[in-house]
Amino acid sequence: MGQRLLAREPSAQALVGKLGSGKSTVSSLVAVWLSGKQDGASVEIVKIELWPYESPRAAVEGVLASVVEALSREVSTSQLEGVPAAYGEAIAKIAGVSEWFPKVLRRQCTPSASLKALDDVATSIGRRYVLWVEDLERFAAGDPNAPAGDSELERLAPIRALLHGLDQLRSITVVTATTDLLRRFDLEKIARHVERIPDLKFRQARRVISAVRSEMLAHSDVIDPTDAAVRMRLGWDDANAVDERTELAFLGDRIGNFAAAVASLATTPRVLKQGLRRAHETWKALGGEIDLDDVIALAILQESHPSVFALLDQRAVGLRTGRTLRRSETSPMDSFMTALREFQLDARTLEAVEMIVKEMFGHEGKRRPQGIAHDNHADYLQRFQSTPELTAGERDQAILRVLRGDDDEKIVDLLVDDRSTAVEDFSHLIPRRRMDGLIVKLTNRLLHADTTKWTEQRPPGLIPLWRMLRTKNRSQTESQALVAQIEQALDLAAPHNLLLMYELAHWLATSVPEVADLLSAELRDRVNTRVRDLFVTAYQDRPRELAAAFRGAPPFLLVWICWTIERVRAKSALGVPFDRWQIMVPTLLDALRASPQLVATQLAGLVVRENRRLGGPDEWLFDEVQCQTLFGDVTTFVEVLRAATAGMEVDARTATVLERKTQPGRDDDDDDGDGDGDGDDEQLTATAPLAAQALFAEAGAKPCANAIPGSADESTPVSALAGS
């Protein structure tokens, strides 16, 4: 382009390229090239942008004013001050454009005479000017709210006339930079040479992105929680990447991976530059606190296709969960893809966006724990959008350093406070053997804790640790080693914290249909047998210590220790719970006498059952057969309970035992008196024996420390599974 401008009679040129393709940069490069040439010293590029002008007259006057301003830097141009306005008035008069009302003419002038005046001055001083006109298409668009029709032609006609007139001058050459050859402008008629700026090839863009990405990583001392193999498969250019020639031979221009898809969106230097700038700013503020590859992808997507980014933001919740309310509904991913096609993107861009979204929200994306597919302990998409100033407690790197360190007590610190969710999210960094050892360390930390301060009577950190343990695959030998750790923890807890001992067994050695078992049936039986043995060993002939162990405990703790939740759920909580039961009965009764307010409700839970009624409130019934099996003479047991609780307000279960209530009460709408509330004459039998957590009648009663390991709703009481 510069060479043509140095010709004796330079002809008009046009530069065509997308927005952001580098048209302005080309003008600067041409200017630099001209300045280095001997003949180029007398050539000056005059840039003019049309988009600020609202009307055609303002635009043509602005173009000419720019030429006059360039001349004024060489000579006095006082005689030319009225040329732009005179030209505009002359064109308006000739065109008869209704919205132009010329001022009182200071002189009569034709358009060609106005332009000749400029040419004469430039020629006399030996200067040549290149009028570089930009934003022609934005000016042609005009007001987007204006009615369609010939508005584009009307706005461009005066510009076309001016550019054609200028190109006929000896000292002025026109270069028009635009996004396309406007269909109504016929640019080729005034531009003998048309240069097109091609789109960036995705391999070109990928090289640049990869280089910037490597620099950002090199200048940040952070721990990456993502496995190196997961990073490698994304496809960025590095030492392990496939050679470009090999890739080209096998894939051609096809988009083969995440990096290629991201680079395919950066078709212009502006998108590439602005996207990387946004990514760099985000990483500078949040380095190590968000996934860098997601940052780069989101930044370039937002810069290249902001409407698609907005759709992703709108659908992010569904894309993360992948769940629908009904089976018949379209999956969130399919729904997103349907909405994406409404943007009518070209086929290559559509393919790239689809690959990016599937990578970020699919299975592989979830293997990058700081990716936007996650919002557990932190919403990483929100972090990208707002770039918040994180507090020390919100930063991932502090947690990652602990997990990569060698101090297990610091991991326990994180588990027992509100950062346990972050530990879970990064738990893949903890080796299996080290994670198994955390059971004993957490137990040591909680041995002497005040259980009344535990949220919903759950040991802090135990449930997160249970979920973490379930993420590890174990051989039979490794499962045996895990049980050894559990048994060591039970040995520690039994004499000091009865609730903690039970909770360890409950979460680590209970089978539920909702989730895969942590241990085999044989190993679960081994753990639960040890719980009952430790209960006897730790508290036989120690009634006061046993009573104190029930302080702050849920009212069915003794039931759960004796029977286990699995037996309760199977409705097999009948007879003697374990072999050494009888030797514990005297200690239990002595504990009742020593501290009835703590022990009475525990013993009552063993001999009552719940009657769920169709009408009226549920009620408790005394199971005399079970009472006799467990404690011998029923009357003696009841009288011991009565004597111990004399003058004391008792709970509903204890009251049921004292009243020896064995028959259901009458429902409000029970016409036949059989207690079932349906008016039919049949005998109502009570439901399954109550040996599980149930709905408590007394005010203030709380469900036990959860009931269903791994259930979707961990607050679900055990009675929901027991069918009580």
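This text follows the structure it describes.
These remarks concern the structure in this document. In this text the structure is predicted, and so the values were computed from the model without any measurement.

Describing the sheet that holds strand β3 (residues 128-134)
Reading across from one edge, β2-β3-β4-β1-β5 is the order of the five strands in this open sheet, with parallel pairing throughout. The strands lining the two open edges of the sheet, one partner per strand, are β2 (43-49) and β5 (193-196). Pairwise comparison of adjacent strand axes, ignoring direction, gives a mean angle of 20° for this sheet. Bridge analysis of β3 against strand β4 (residues 172-178) gives five bridges, and the strand direction is parallel. Residue pairing in the sheet places Tyr129 in a bridge with Ile172 of β4. Across the sheet, helix α2 (residues 23-35) touches β1 (13-16), β2, β3 and β4, and the angle it forms with β2 is around 165°. Running over the sheet, helix α3 (residues 56-72) touches β2, β3 and β4 and is turned about 145° from β2.

Observations concerning the nonpolar core
One finds Leu312, Leu498, Met501, Phe535, Leu603, Leu606 and Phe631 to be the most contacted residues of the largest nonpolar core, which totals 157 residues. Contact partners of Phe631, with chain neighbours within four places excluded, come to Trp581, Val585, Leu589, Leu603, Leu606, Val607 and Phe637. Core analysis: the second largest hydrophobic core is formed by 33 residues, Val46, Val63, Leu162 and Ile190 among them.

So, the pairing of β1
Each regular strand carries side chains that alternate between the two faces of the sheet. The two faces of β1 match: Gln13 and Leu15 on one face and Ala14 and Val16 on the other face are all buried. In this sheet, β4 lies alongside β1 in parallel orientation, the contact comprising four bridges. Each bridged residue has a counterpart across the sheet, and for Val16 the counterpart in β4 is Thr178. Note: β1 against β5, four bridges, orientation parallel. By the bridge assignment, Ala14 is partnered in β5 with Val194.

Details of the side chain of Asp293
Inspection of the secondary structure assignment puts Asp293 in helix α13 (residues 292-304). Only 2.7 Å separates the side chain of Asp293 from the side chain of Arg231, close enough to count as a polar contact. If we ignore the near neighbours within four places in the chain, the residues touching Asp293 are Arg213, Arg231, Leu234, Trp236, Phe258 and Arg368.

Criteria and cut-off values
- Residues numbered from 1 in each chain as written.
- Predicted model: local features only at pLDDT ≥ 70, side-chain atom pairs only at ≥ 80, totals over all residues.
- Heavy atoms only, no water.
- Pairing = 2+ DSSP bridges.
- Helix = DSSP H or I, 4+ residues; strand = E, 2+ residues; numbered from the N terminus.
- Axes fitted to C-alpha atoms, helices over the stretch in contact; angles between N-to-C directions.
- Contact = heavy atoms within 4.5 Å.
- Core = buried A, V, L, I, M, F, W, Y, C linked by side-chain atoms within 4.5 Å.
- Buried < 20%, exposed > 50% of the residue type's maximum accessible area, 1.4 Å probe, protein only.
- Polar contact = N/O pair within 3.5 Å; in protein donor to acceptor, adjacent residues only side chain to side chain.

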